[in-house]
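This is what each chain is made of:
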Amino acid sequence: MNQTAFISARDPQNSRAIPGAIFHFLAKGEDTAGRFSLMEIHVKAGNEPPAHTHLREDEVYFILKGEMRFEVGGQVLHAKPGDHVYLPKDVPHAFKVVTEEAHVLMWMA
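So, a few notes on the structure that sits alongside this text. Keep in mind it's a predicted model, so treat the numbers as computed, not measured.

As a further point, take the sheet that holds strand β4 (residues 59-65). The pairing of strands in a sheet comes from backbone hydrogen bonds and takes either a parallel or an antiparallel form. Spatially, 6 strands are ordered β1-β2-β3-β9-β4-β7 in an open sheet, and the strand pairing comes out antiparallel. Since the sheet does not close on itself, it has two edges, and those belong to β1 (15-18) and β7 (84-87), each with one partner. When strand polarity is set aside, the average angle formed by the axes of neighbouring strands in this sheet is 20°. Across 8 bridges, the pairing between strand β3 (residues 37-44) and strand β9 (residues 101-108) is antiparallel. Bridged to M39 within β9 is M106.

As structure tokens, this is what we get:
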């Protein structure tokens, strides 16, 4: 567990490519004593995960580029650049990229 300050940037050691998306893990749970994770994500439309529910983590998305539609516990939220979307744990959610691509920061706590 890391209890010290640190700096992180995008690089091959903390980045993963999956079909249609690139994840940059800027802070992992092991870096923050399990308090949070922070990812920078580029995802193309059509490569979103299926609807799911987190039992332990809240998620926050900050939209940098593109637009996304979130379905969260019966709510539909349309997010554009500059918007912040909160997805509470224990609530089913899904999202769709409605532009060609989205670029987001995702915080999990």
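Time to look at the pairing of strand β5 (residues 68-72). One face of the sheet, then the other: side chains in a regular strand alternate in exactly this way. Alternating positions in β5 separate cleanly, M68, F70 and V72 being buried on one face and R69 and E71 remaining unburied on the opposite face. Pairing analysis gives 5 bridges linking β5 to strand β6 (residues 75-79), with the strands arranged antiparallel. When the sheet's bridge partners are listed, M68 is paired in β6 with A79. Here β5 runs beside strand β8 (residues 93-97); their pairing, made up of 5 bridges, is antiparallel. Paired with V72 across the bridge in β8 is H93.

Once that is clear, we can look at the packing of aromatic side chains. For the coordinates displayed, the defined rule picks out 5 aromatic pairs. Ring geometry for F23 and F25: centres 6.1 Å apart, planes at 15°, overall stacked. Residue F25 is classed as partly exposed on the basis of its relative accessible area of 26%. Measuring from ring centre to ring centre gives 5.8 Å for F70 and F95, while their planes differ by 45°; the resulting arrangement is tilted. Residue F70 is located in strand β5, and its partner F95 is located in strand β8; the two are separated by 25 residues in the primary sequence. Put simply, the rings of Y61, F70 and F95 touch in pairs and so form one group of aromatic residues.

Rules behind the numbers
- Residues numbered from 1 in each chain as written.
- Predicted model: local features only at pLDDT ≥ 70, side-chain atom pairs only at ≥ 80, totals over all residues.
- Heavy atoms only, no water.
- Pairing = 2+ DSSP bridges.
- Helix = DSSP H or I, 4+ residues; strand = E, 2+ residues; numbered from the N terminus.
- Axes fitted to C-alpha atoms, helices over the stretch in contact; angles between N-to-C directions.
- Buried < 20%, exposed > 50% of the residue type's maximum accessible area, 1.4 Å probe, protein only.
- Phe/Tyr/Trp six-rings, centres within 6.5 Å; stacked < 30°, edge-to-face > 60°.

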